[in-house]
Amino acid sequence: MALFRKESMRNPNTSFASEVPADAPVAPPASALHPAAIALLLLAIAAGLLAPIWTVRYPPIVDYPNHLATAFMLAHLKDPALHFRDFYTADWNSYPYLTMDVILVGLQRFVSIDLAGRLLLSLCVLSVPVAAWFFIRQANPSEENLALWSLLVSQNLFFFLNGFLNLQLGLALCLFTVGVWVRYLERHRLGAWCLLLLLTTGLYYTHLEAFGIAGFVMTAYCVLSRRRIRQVFLAWALFVPGVLFYLHAVTGLKPSHDVQFRGLGNKFAGLLIVVLGYSPALDFLTLAVVIGAVLWARYNPEFRWNRAWIGTVGCLFALYWVFPAAYGTATNPDRRVLPFLVVLGLAAVKVGQTRGRELARVAVLLFLLRASGLEWNSVSLQPHLAKLATSFAAIPNDARVLPLVGWAAGAPLVERHFWAYGMIQRGWFSPCLLHTSGAMPFQVRLQTYTPYGPAFGYIESADWKRIRADYDYVWAYGVPQFSGPLSGEGAVVFAAEDLQVFKMGGRPMGHVEGDSRRSDELGKEDNLCFHRSFNCIPIPHSAR
């Protein structure tokens, strides 16, 4: 990859051979980077992407502990030392979003769940810029340096740091698939089409919205570049297996047609999420630099529009404005379009070699600055998270645990799913594994009371006596308003900062699906007093 490389400016009428002996080494132009320097630069980028994952005990990614706990449970359903199989059943089907679970469960055959998770996170952050480079190389030749701007969405707060790992993988696979398809358009070969069929099917199993965006982009590009109708049908044929798998997956499920839309002001504000991080100062700087870079790229003599792609990106941008904010259990489908829009938009402009190298330097410097801020934030959070982790020792193995975590005006609290590490370490049973019917590969057998509604969010009230009866412990973080009711039904056994752990009492009231006996009778027979799990809350998380 010729990063920052500049062509020689020698006079074409001058004989190079007459000036330099034939056996003399050829030096690179003064403004070009030496290959070793390019290698060091790529290593610096990789280090910036990987540092928050490998240098800390607890990566500050919101949903990540929950995803780990789900994969750990799936991999240990038959483990006699644990009792997951008494309360959960595997349900592997043709569901979308399986890629992350398959990777994590498969890796646990060889490594620990902790190492498996870090390998998955590494794949998420490294695959996006690599796939962006490959896509731009095919769709916008000679402008590969622009791919470095994809680093802004590789560690974005809203997408990656919230834990939307399948979305991150879907973005990378979508870019790679579209890149292969663009190359296929130039040379039609059966082998390439079959490869595309595998890629689009894999894209379905990675992220449903990424699957749909790939089809939308291919269709729009064919129309705007005036390709033959045969090419449109061949592109659509690539998506037939995924559509059939989806229809099979949703057969028998009750459809949800609840649709919510954002106001125009919220749509405009949503555009800013592509620059979000943990530092408002860095976010403001990023926004200013991005605006400056756009103007700098636009007003230069070499600037040109890549017409077919500017039209395609324009259609995708229009889709953002009409997409709902929520559909059924899927949340933020409109905002999930934005990372695709950013990277695909890089194929819509030609800025020239000189300006492209300059913009690439700006992108790298901005990324390294933001990566340093993210690393500092990750390290600074570790003492706090380590203190929360000491609460796990206060709760015995196989206990029934209800986490109650406050939501600070929708802020991405890293504590929100931190309790899930306890499920891995202590074999707890909790109702709060992220779960949506028809999307996750497991079912829950035991049905009990939960204070959460259809969405896993803010709790206004709860039946505290039923909580006392159904749970052994409550892991309560950032909910001081519930301290009184919980103290009336249990006793505090651990307290640190904003965390309180309450030991509850009572007998379980849940029942196991498929068994007519009461759960307390099952407990007497199997001596599983503490081995209880409960119905997973239906989380609006179908775009994990």
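It should be noted that the structure appears before, not after, this text.
So, here is what we can say about the structure in this document. (Residues numbered from 1 in each chain as written. Predicted model: local features only at pLDDT ≥ 70, side-chain atom pairs only at ≥ 80, totals over all residues. Heavy atoms only, no water.)

1. Brief notes about the pattern of salt bridges
Move 1: All chains considered together, the criterion is met by 12 salt bridges.
Move 2: E186 is the salt-bridge partner of R227, the closest N and O atoms lying 3.6 Å from each other. Taken together, the positions of R227 in the loop between α10 (208-224) and α11 (229-237) and E186 in helix α8 (residues 165-186) put the pair 41 residues apart, joining distant regions of the chain.
Move 3: Residue class for R227 comes out partly exposed when judged on its relative accessible area of 29%.
Move 4: Across the salt bridge formed by K387 and E497, the nearest N and O atoms sit 3.8 Å from each other. In this pair, K387 sits in helix α17 (residues 353-389) while E497 sits in the loop between β11 (491-496) and β12 (499-503), placing the two residues 110 residues apart along the sequence.
Move 5: What makes E497 partly exposed here is its relative accessible area of 47%.
Move 6: Members of the salt-bridge network, linked through shared partners, are R57, D114 and R118. (Salt bridge = Lys/Arg side-chain N within 4 Å of Asp/Glu carboxyl O. Helix = DSSP H or I, 4+ residues; strand = E, 2+ residues; numbered from the N terminus. Buried < 20%, exposed > 50% of the residue type's maximum accessible area, 1.4 Å probe, protein only.)

2. Comments concerning a nonpolar patch on the surface
Move 1: On the surface, a cluster of nonpolar side chains totalling about 430 Å² of accessible area is made up of V240, V243, L244, Y246 and L247.
Move 2: Tracing the backbone through its elements, the reader meets V243 in helix α12 (residues 240-250). (Patch = residues over 30% accessible without salt bridge, like charges linked within 9 Å, V, L, I, M, F, W, Y side chains within 5 Å. Areas by Shrake-Rupley, 256 points an atom, 1.4 Å probe, with all protein chains shown as cover.)

3. Quick word on unusual backbone geometry
Move 1: Even without glycine at this site, R226 takes up a positive phi of about 60°.
Move 2: Mapped onto the secondary structure, R226 falls in the loop between α10 and α11.
Move 3: Although it is not a glycine, N332 sits at a positive phi angle of roughly 55°.
Move 4: With respect to the helices, strands and loops of the structure, N332 is situated in the loop between β5 (330-331) and α16 (338-345).
Move 5: Using a relative accessible area of 19% as the deciding quantity, one classes N332 as buried.

4. Considerations on the packing of helix α5 (residues 113-139) against α8
Move 1: Relative to each other, α5 and α8 sit at 25°, their axes nearing to 8 Å. By the criterion of interaxial angle, the relationship of α5 to α8 is roughly parallel. At the point where α5 passes α8, the crossing takes the left-handed sense.
Move 2: Grouping the amino acids of the contact of α5 with α8 by side-chain chemistry returns 20 nonpolar, four polar and one charged. (Axes fitted to C-alpha atoms, helices over the stretch in contact; angles between N-to-C directions. Parallel < 35°, antiparallel > 145°, perpendicular 65-115°, else oblique. Left-handed = near helix turned anticlockwise from the far one by under 90°. Nonpolar A, V, L, I, M, F, W, Y, C, P; charged D, E, K, R; others polar.)

5. A few points about α16
Move 1: Extensive coverage of α16 is indicated by the burial of six of its eight residues.
Move 2: Looking only at α16, the buried set comprises L338, P339, F340, L341, V343 and L344.

6. Description of the sheet that holds β12
Move 1: Strand order in the open sheet formed by four strands is β7-β10-β12-β11, and the pairing between neighbours is mixed. Single-partner strands in this sheet number two, and they are β7 (401-405) and β11. When strand polarity is set aside, the average angle formed by the axes of neighbouring strands in this sheet is 15°.
Move 2: Sheet topology note: the β11/β12 ladder contains five bridges and is antiparallel. Bridging from a neighbouring strand, A496 pairs with L499 of β12. (Pairing = 2+ DSSP bridges.)

7. A short note on the environment of W181
Move 1: Structurally, W181 is set in helix α8.
Move 2: Judged by its relative accessible area of 1%, W181 falls in the buried class.
Move 3: Separated by 12 residues in the primary sequence, W181 and W193 have C-alpha atoms spaced 8.0 Å apart.
Move 4: With residues near it in sequence (within four places) discarded, W181 still touches L196, M218, Y221, C222, A235 and L238. (Contact = heavy atoms within 4.5 Å.)

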